[in-house]
Every structure is written in structure tokens, then in C-alpha cells.
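Fold and geometry: a report
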Amino acid sequence: MAPVALRRLLPLTPFLVLLSLVITPRAGAEQGPLAPWLAARAREHVSWHEESAQVRSGPMGLWREWASKEPMLPGFVPPTSLAPLIRAVEAGVVNINVSLSGTDPLRGPVRTGSSTGSGFILTPDGLVVTNNHVVARGDVEAREITVRLSDGREFPAEVVGRDKSTDVALLRLRGQGLAGLPAVYLGDSDRLEVGDWVLAIGSPFALDHSVSHGMISAKERVIGVGPFDDFIQTDALINPGNSGGPLFNMRGEVVGVNTAIISQGQGIGFAVPINMVKDLLPNLRKNGQLQRGWLGVVIDERAQEGQPQQRAAVVRDVYRDSPAAQAGIRTGDQVVAVNGRQVDSFQQLLRKVAMLAPGTEAKLTLLRGGTTQDVMVKLSARPAQEVLEALASPGNLADLGLVLRDVSPEVAAPLGLQPYDGVLVSGVLPRSVASRAGLRAGDVVTEVNRRKVRDIAAVKGALERGAGAAVLLRVRRGEVQQYVALEP
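1. Section: the overall build of the protein
Helices and strands together make up the secondary structure of the protein, namely 12 helices and 31 strands. Counting across all 488 residues of the protein, residues that qualify as buried make up 42%. A separation of at least 24 residues holds for 55% of the contacts in the protein among residues at least 6 apart in sequence. Summing over all exposed atoms, the protein offers an accessible surface of approximately 27000 Å²; the carbon and sulfur share of this is 52%.

2. Considerations on the confidence of the model for the protein
Close inspection of predicted coordinates is inappropriate in any region flagged by low pLDDT. A residue-level look at the protein finds 82% of positions with pLDDT of 70 or above and a mean pLDDT of 81. Below pLDDT 50 for its whole length, residues 1-13 participates in 4 contacts with residues either more than four positions away or in separate chains. Counting contacts from residues 15-21, a segment whose pLDDT is below 50, to residues more than four positions away or on other chains yields 4 contacts.

3. Some remarks on the nonpolar core
Within the largest apolar cluster, 30 residues are counted, with the highest numbers of intra-cluster contacts made by Phe120, Val129 and Phe248. Contributions of two or more residues to this core are made by α4 (83-89), β5 (127-130), β9 (168-173), β11 (197-202), β15 (253-261), β16 (269-273) and α6 (274-287). The greatest single-element share of this core, amounting to 6 residues, is contributed by α6. Setting aside residues no more than four positions away along its own chain, Phe248 makes contact with Val89, Val93, Val184, Trp197, Val198, Leu199, Ile201, Glu253, Val254 and Val255.

4. Brief notes about the pairing of β11
With respect to burial, β11 is a largely interior element, 5 of its 6 residues being buried. For β11 and strand β12 (residues 210-221), the ladder comprises 6 bridges, and the chain directions are antiparallel. Note that in β12 the partner of Gly202 across the bridge is Ser210. Where β11 and strand β14 (residues 246-248) come together, 2 bridges link them in antiparallel fashion. What sits directly across from Ala200, in β14, is Leu247.

5. Side note on the pairing of strand β23 (residues 371-378)
A regular strand carries its side chains on alternate faces of the sheet. Examined bridge by bridge, strand β22 (residues 361-368) and β23 share 8 bridges and lie antiparallel to one another. Residue pairing across strands places Leu367 opposite Thr372, the latter belonging to β23. Counting the residues that bridge the hairpin from β22 to β23 gives 2 residues, and of these Gly369 lies at a positive phi of roughly 60 degrees.

6. Focus: a nonpolar patch on the surface
Taken together, the side chains of Trp66, Met72, Leu73, Phe76, Trp197 and Met250 make up a nonpolar region of the molecular surface, amounting to roughly 600 Å² of accessible area. Tracing the backbone through its elements, the reader meets Phe76 in the loop between β2 (64-66) and α4. With relative accessibility at 48%, the residue Phe76 sits in the partly exposed group.

7. As for the pattern of salt bridges
Summed over the entire model, instances satisfying the criterion amount to 14 salt bridges. A salt bridge links Arg341 to Asp279; its shortest N-O distance comes to 3.1 Å. Separated by 62 residues along the polypeptide, Arg341 in strand β21 (residues 341-342) and Asp279 in helix α6 bring together distant segments of the chain. Among the salt bridges present, the one from Asp443 reaches Arg477, with a minimum N-O distance of 2.7 Å. Taken as a pair, Asp443 in the loop between α11 (433-436) and β28 (444-448) and Arg477 in strand β30 (residues 471-477) lie far apart in primary sequence, 34 residues in all. Of the residues examined, Asp443 reaches a relative accessible area of 1% and is grouped as buried.

8. Focus: α6
The terminal C-alpha atoms of α6, which comprises 14 residues, lie 20 Å apart, in line with the 20 Å expected from a rise of 1.5 Å per residue. Its maximal kink placed at Leu280, α6 deviates by approximately 35 degrees, while the proline Pro282 follows within four residues. When α6 is considered as a whole, its buried residues turn out to be Ile274, Asn275, Met276, Val277, Asp279, Leu280, Leu281, Asn283 and Leu284.

9. Some remarks on the environment of Tyr483
Among the secondary structure elements, Tyr483 is positioned in strand β31 (residues 480-486). The spacing of Tyr483 and Glu447 is 36 residues in sequence and 8.9 Å in space, taken between C-alpha atoms. In this structure, Tyr483 is in contact with Glu447, Arg450, Leu472, Leu473 and Arg474, ignoring residues within four places of it in sequence. Within the structure, the side chain of Tyr483 is placed 3.4 Å from the side chain of Arg450, a separation counted as a polar contact.

Analysis parameters
- Residues numbered from 1 in each chain as written.
- Predicted model: local features only at pLDDT ≥ 70, side-chain atom pairs only at ≥ 80, totals over all residues.
- Heavy atoms only, no water.
- Helix = DSSP H or I, 4+ residues; strand = E, 2+ residues; numbered from the N terminus.
- Buried < 20%, exposed > 50% of the residue type's maximum accessible area, 1.4 Å probe, protein only.
- Contact = heavy atoms within 4.5 Å.
- Areas by Shrake-Rupley, 256 points an atom, 1.4 Å probe, with all protein chains shown as cover.
- pLDDT = per-residue confidence, 0-100.
- Core = buried A, V, L, I, M, F, W, Y, C linked by side-chain atoms within 4.5 Å.
- Pairing = 2+ DSSP bridges.
- Patch = residues over 30% accessible without salt bridge, like charges linked within 9 Å, V, L, I, M, F, W, Y side chains within 5 Å.
- Salt bridge = Lys/Arg side-chain N within 4 Å of Asp/Glu carboxyl O.
- Expected span 1.5 Å × (residues − 1).
- Bend = angle between axes of the 7 residues up to and from the residue.
- Polar contact = N/O pair within 3.5 Å; in protein donor to acceptor, adjacent residues only side chain to side chain.

The structure is reproduced here in C-alpha cells:
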């Protein structure tokens, strides 16, 4: 029935076109009240006819078929051969052979085995990226590294830097003839979409320059191998020996470093996103390891208003005198980007900041009160955990380097103290004023600037009255009481 109905409508096409020409107002002509409505209806009829000419219905209208020669999916070009892409990029992929050595308490350094993997040439002068587990196994490090290029040349190499948490290592080739090596190009892994075609090249099972292809199966996979889990999942075949090799997109750019497989499954491989590697490489080259930058904020992850599926990284607290505090970041600010790259969660913010070395200046994009603004933050080295806990304590006196605690009945009883008979020193920050004056955890402060104190609030009140001057504390340690002067 449907095809007959369609054939009956087709002869109306000239009439519809003529109708559209007749009722479409001429420039400058006076339009009646129905003219806009008639023009809109005529355009709909013409558009419907043009679409129907591209679509063919099955019997009884049960399905549709694309009858037009034009592509049904604009922008989609079916791949025919990957040979040109492989020829363009394979010279930048290398094979890596490693002799591992450990230390025996009696015999000293001993050879403990070998390892093979893949990598890719990062710079024409001989920097190479691979996996950390290719050049080290736990405490066992590489004794000798040999890198072989696709043309058969071999070079000795040394480790410039490596990081176990991201499983990335940076090597440098040594020897003659290093100028003009076939370096690869790096892409933008944030722009990858599930379904994008990718290509893996490496040396699985010592089979040099084996090629496999597939697609992106998922992004931001967490597989439980470390604090920076953020893997690209692909069904391009990855096997032992592919470790450290490149994952290319269809532009010939490296978008990931092939890293892990699931031994029980097939067609499930994982790669470190190349954007994470980009953030890490300056740190490895300069410091030899991941020295984590510190921002100095406590982050809450919340659902975005009106979009419960979308997450937001919102500042819950700012450490005093931290890089964030010095940059003017406030409680309630939402961090939406780091160095122009979008942030949607606490984990993303942690990864992007921790990859940057201390002393690095980073641009943070904040959403504050509905307005977006950029701030520059100079990251510092991450303090030790005990220092962070002290800074977060309500009894923190950062200027003095003291962490105090009220001597409540629960605190007093196990220590043999009288409740609220002074304030307990629960921590002293390293290299602080209090540390240099000899104060230590367990001391009890009974007076501040000649005023008796019973709790933290009284201590802070006494300090505010003498702001800017030296602080005189009366401290009890066991049965001994003494005065200690502190210069803030």
C-alpha cells in the first residue's frame, strides 16, 4: 500500500514547487496575514518531498532503506586500507630489550633476568617513551637497555625518569647518529570518542612491528592499579611485548601508551591517555620521578545543578597560606579547567594537578557566583601527611607551628590530666617557630602572654590581643613548668 501511495504523491511535486513560488512573498510586496503561514507550509512540503526521494520504504512500511547515493551519515568515511597510515608512522616505533639487575645483601648487584617491550621516539634527538614496568620490576631496575629501530639500528639507552603510579618511563638513546630520528606526533586524547578507530604497533611475543587495529571501547577506565587510574580501553589486540608502544588515531597521532591487558579476556586492552603523559613528561625530565604539585584545597564532588549525571569539583576548604589561598581561591569555587583542559570531578583535578611539578604555574578556571574567571597558581611541594592533618585541625596555629587540642574529660583521663587545665599540644610542625623553641607533642600550655587559658578559644583570644608581638607561653611538661618565648 505504501509504495502506491508514494507514487500517487509524486506527481504533485511540480504543483508544490509552483505553489511555493506563488505564495512566497516577493521582496517589497505587501504581505497578507496568511502569507507567512502559507510560505512555511510550502517549505515543509518541498522538504518532505526531497527527503522522501532519499528514503525507500519496505513492504507495508515495516522498515526504511536509504535510496540516495549521498552518504546517510554526514562526515563518516568508511576506511578501506590502513597501509598508508602504517607506512607513515611505523618508523617511530621501537623495540626495547632490557637486562634487569637487583641487589643481593651478600653478593651485591646481581643479574636477575630480562624484559622486552615497545616504545616510541618522542624527539628527533633520542628521547623515547615506554612503560615503567618494561625497565623496572619493583626494586629491580634496568642494568642494560638496548633500543632497536625499525630500520635495524640499535642504540644503548638510559632511564631519564620513571613513575610507577602511571607506569610511564622516559629514556634517552646514546651513541652516534642520533640526529633526525623519526619522532612521532602526539595527539589530544581528550577528544577521543568511543567508536574512534585506533591502531597499535609493537613487538608482542618478540614479533617486531606487529600491527593491530580496533576502536576505542571506553574512556576513563579505573582498573585498580594506582591512584591515577584513567585508562583508555580498546579492542585493538595488545599482548605481552606491546607494553610501552603507541596507540595511534587515524591522523597518525599517538593518543595513548599501551600498558595493560586482562589475562582472562580477549580484545580488552588499556592505554595511558597521552594527555596525562604530556603533563608528566616535563616532571620526569627535570626531576627523574613524579614530584607532585600541591594546590592546597579540599574538594567536594557534587552533581551539577540541573544535570545530575554531570559531576562538579567544588572547593570545600582552602589550606591557610597554601598556593590556592595565595591565588585567591575561595570556599564554594568550582574548578572547571586546569590549563584550559576541562575538569569534571575530583579525580580529574587530582590527576591534572599532581602531574605538575612543584614550582609550576598553572591556570585554573573557576566558576564563582555564575561568573567564570581565570587565576594563576604557583604549585608547591605536597607537605607530609602529618603536616596536612595538622593544618586541617581546628586547633591549628600555623604562624607558630602548633596544633592544639582541648583537654576535655575524654582527653584528660588517659593522660592523667585535669580537664580544661590548660591546652594540650598535639602536634608541632617541622621547622616551625614552636619546633625551634623546643616544644613537643604532649606539652600543656597553661598561659599565653601571662593570661591563663583553659581551651583553644582562650588561646586564640590571647594571641589576637597581642598580635604582631612575641608570644610568651607557660608550658607544663610532666612536673616541670617553664616559660617559652616564640617569635611569630
